[in-house]
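What the coordinates show
The lines below spell out each chain.
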Amino acid sequence: MATTAKPSPSDYTTEAQSIITSLLPGGLCADQAWHKLAALTDTVGNRVCGSPSLERASSYMLSVWQAEGFDNVHGENVTVPHWHRGNEECTMLNPRLGYRMQILGLGTSIGTPEGRPVEAHVLVVRNFDELAALGKAGQVQGKIVLVNYACDWSTNPVGCYGACTKYRGEGASRAARWGAVAYLVRSLASASIGSPHTGMQTYASSKAEDQIPAAAVTVEDAEALARMQARGEDVVLRLSMGAKNLPARQARNVVAEWRGRELPDEVVLLSGHLDSWDVGVGAMDDGGGLAISWQALSTLRALHWRARRTIRVVGWVGEEFGGIGGRQYFDDHREEKVVLVIESDMGAFRPRGLSFSGGEEAASVMAEVGSLLGGINATLVARDGKGYETDTQPWKAVGVPGASLLSENERYFAYHHSHGDQMSVLQPGDMDLAAAVFAVTAFVVADLDEALPKGDERGEGGKGKMKEEKERRTMRKGNAGSGLAVS
Ligand SMILES: [Zn+2]
């Protein structure tokens, strides 16, 4: 089996079924992905950019991959920022004297001056328009600003994130511009049990006047502070943060391969990011994405199948600080023939299928690949542009076909970037199904007679490119109709 290339994904029903069976309960590879990830997170814990634990995690991954017998296991250096949270404390002085609020400083935030407390009145606003209006009226000066932007997460449990990110990402410098002394943001969370959710923010410039300490507060506290202000109470907080931006450090993207038997220099890439925030254990974000990529490779190895092309797993570093490892990898490998980039960074929950970006021809092939996953109800190949994944973005931008896992991830933002991102969020059986989606997709695309056709730059295949691709095939095969089935 799996020794002769085939022209169409529909020729791979037997192989797809074997992969799926090996990952269903009782199968050869069942229950492994979750436990492998648990061993990583139990041993190393969370893995924030620039930390010794991220380096330990990279070493850990390389040693287990080596022991598992993968090919070309190695690390690739990436220079990453090193932000250190330090001690944080936020206490209400009025009206609820002594109430200790749970906060999490935002990545890249500075601390309070010399880590000492800042005491100030709070101004709660709903959005940036209110902030600007009150700023012009001189009411922001000297205040701690809290943006309590409320999105309807109950009807939009994933999409609200996109609507809210600017309040976490840009708010501090906007508030600083009007004279605020610190910035608080309502956590970007679809559900809350009193836990703040951190994330990255970016100052408008390196000038001191653009930089004030920035932290996330819980949804519950944000709403309480808004109520207090609405009742005319004078809300006063004492905030201290020991956050520091330290010199950049070296980290390592981790790489393992299952080499191709005929075209080893052509690559299908599977990936998730190894770094995480410094709270929880980064099981869901994004240990799960890396674990299902890894499990896809383990499954093919266990079945003793080598595709024609190489299947490569990459665990990115620096994702949480702006997709740094993914960008570095693209810069270092852009001359390689990468046929398809696959990523999971929106939760390795029960799979629905894939979100695909690429040209029309490649999309038709991918839809056929998707139909091989009917047995596990994961046939969806959506072209909705909703792949939020950042690490493979540079490839997609130059027309390399890209796919990301679509899963039942409605709970993703309940745990995202919080202390709640633990192994208990993930389910072994669901991760196995997600690994099956990755393994079937990677194997079939890596084994097909013809490489998946590239689309145009910016990820969408245009007519010109399609024609060009067809002509190329016609010349090579003497028959435009051969090769991949295109509907
Ligand atoms: Zn992530």
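As the structure is a computational prediction, the values presented were derived from the model and not from experiment.

**Side note on the overall build of the protein**
Secondary structure summary: the protein contains 14 helices and 16 strands in total. At 24 Å, the protein has a C-alpha radius of gyration in line with the 23 Å of a compact globule built from 487 residues. Summarising its shape, the C-alpha atoms of the protein cover approximately 75 × 45 × 40 Å along the three principal directions. Relative to its 487 residues, the protein shows a buried fraction of 59%. Looking at charge distribution, the protein has the averaged site of its 49 positive side-chain charges lying 2 Å from that of its 59 negative ones.

**Quick notes on empty space enclosed by the protein**
Applying the stated rule across the entire model yields 4 cavities of 30 Å³ or more. Considered as a void within the structure, the largest cavity measures approximately 60 Å³ in volume. Around the largest cavity, the lining residues are Val-147, Tyr-149, Trp-153, Cys-164, Tyr-167, Val-185, Arg-186, Ser-187, Leu-188 and Ala-189. A class-by-class count of the residues in the lining of the largest cavity yields 8 nonpolar, 1 polar and 1 charged.

**Here we look at the packing of aromatic side chains**
Overall, the coordinates contain 12 aromatic pairs when judged by the stated rule. Every member of this aromatic cluster is reached through a ring pair, and the members are Trp-153, Tyr-161, Tyr-412 and Phe-413. Above the face of the Tyr-12 ring, Lys-6 is positioned so that its terminal group lies 5.1 Å from the ring centre. The ring of Trp-258 has Arg-306 lying over it, and the distance from NZ or CZ to the ring centre is 3.8 Å.

**Remarks on the environment of Arg-231**
Within the element layout of this structure, Arg-231 appears in the loop between α7 (219-230) and β9 (236-241). Owing to a relative accessible area of 56%, Arg-231 belongs among the exposed residues under this scheme. Taking C-alpha positions, Arg-231 is 36 Å from Trp-277, a pair spaced 46 residues apart along the chain.

**A look at the pattern of salt bridges**
One pass over the full model with this rule turns up 23 salt bridges. A salt bridge links Glu-130 to Arg-126; the shortest N-O distance between them is 2.6 Å. Arg-126 sits in the exposed class, given a relative accessible area of 57%. What emerges from the salt-bridge pattern is a single network uniting Glu-257, Arg-259, Arg-312 and Glu-336.

**Topic: the side chain of Asp-432**
Looking at the element boundaries, Asp-432 is found in helix α13 (residues 428-447). One buried charged side chain, Asp-432, makes no salt bridge at all; its nearest oppositely charged neighbour is Lys-36, positioned 8.5 Å away. Ignoring sequence-local partners within four residues, the contact set of Asp-432 consists of Leu-23, Cys-29, Ala-30, Asp-31, Gln-32 and Ala-33.

**Regarding the coordination of the zinc ion**
The zinc ion binds to the protein through His-273 (NE2), Asp-285 (OD), Asp-345 (OD) and Asp-345 (OD); the donor distances cover 1.9 to 2.6 Å. One way to put it: the 4 donor atoms around the zinc ion meet at angles of 53 to 146°, and that makes the site irregular. Within one chain, the residues donating to the zinc ion are spaced in sequence as H-x11-D-x59-D. Taken together, the positions of His-273 in strand β11 (residues 263-273) and Asp-285 in helix α8 (residues 283-302) put the pair 12 residues apart, joining distant regions of the chain. The residues His-273 and Asp-285 share a single accessibility class, namely buried.

**Focus: the UniProt feature "domain: PA" (unreviewed entry) in the protein**
The residues that UniProt annotates with the feature "domain: PA" (unreviewed entry) are residues 137-225. Along residues 137-225, the helical share is 28% and the strand share 15%, with 21 Å between the first and last C-alpha atoms.

**Quick look at the sheet that holds strand β4 (residues 103-105)**
If you trace the 8 strands from one edge of the open sheet to the other, you get β3-β2-β9-β5-β6-β7-β8-β4, paired in mixed fashion. A single partner strand is all that each edge strand has here, and the edge strands are β3 (99-101) and β4. Each neighbouring strand pair of the sheet contributes to a mean axis angle of 35°, computed without reference to strand direction. Each of β2 (88-94), β3, β5 (118-125), β6 (144-147), β7 (182-186), β8 (214-217) and β9 touches α7; the most contacted strand, β5, lies at about 85° to it.

**Let's talk about helix α5 (residues 159-169)**
Turning to α5, its buried residues number three or more, namely Cys-160, Tyr-161, Cys-164, Tyr-167, Arg-168 and Gly-169. Residues of α5 that are buried sit in contact with α4 (128-136), β6, α6 (171-177), β7 and α12 (412-415).

**Things to note about the state of the cysteines**
Taken as a whole and assessed by the stated rule, the structure comprises 1 disulfide. Between Cys-151 and Cys-160 runs a disulfide, and the two sulfur atoms are separated by 1.9 Å. Looking down the S-S bond of the Cys-151 and Cys-160 bridge, the torsion is -80°, so its handedness is left-handed. For the pair shown, Cys-151 and Cys-160 are each scored as buried. Here Cys-164 is not cross-linked by a disulfide; its sulfur's nearest cysteine counterpart is in Cys-151, at 4.6 Å. Taking the relative accessible area as the measure of exposure, Cys-164 reaches 3% and is therefore buried.

Calculation criteria
- Residues numbered from 1 in each chain as written.
- Predicted model: local features only at pLDDT ≥ 70, side-chain atom pairs only at ≥ 80, totals over all residues.
- Heavy atoms only, no water.
- Helix = DSSP H or I, 4+ residues; strand = E, 2+ residues; numbered from the N terminus.
- Rg over C-alpha atoms; globule rule 2.2 N^0.38 Å.
- Buried < 20%, exposed > 50% of the residue type's maximum accessible area, 1.4 Å probe, protein only.
- Lys, Arg positive; Asp, Glu negative; His and termini not counted.
- Charge placed at Lys NZ, Arg CZ, Asp CG, Glu CD.
- 1 Å grid on protein atoms, 1.4 Å probe; cavity = no way out; pocket = protein on both sides within 12 Å on 5 of 7 lines; lining within 4 Å.
- Points joined across faces, edges and corners; volume = space filled by probe spheres on them.
- Nonpolar A, V, L, I, M, F, W, Y, C, P; charged D, E, K, R; others polar.
- Phe/Tyr/Trp six-rings, centres within 6.5 Å; stacked < 30°, edge-to-face > 60°.
- Lys NZ or Arg CZ within 6 Å of the ring centre and 35° of its normal.
- Salt bridge = Lys/Arg side-chain N within 4 Å of Asp/Glu carboxyl O.
- Contact = heavy atoms within 4.5 Å.
- Donors = N, O, S within 2.8 Å, 3.2 Å for Na, K, Ca; no water.
- Tetrahedral: all angles 85-135°; square planar, octahedral: opposite > 155°, others 65-115°.
- UniProt positions renumbered as here; feature names shortened; annotations may be inferred.
- Pairing = 2+ DSSP bridges.
- Axes fitted to C-alpha atoms, helices over the stretch in contact; angles between N-to-C directions.
- Disulfide = S-S within 2.5 Å.

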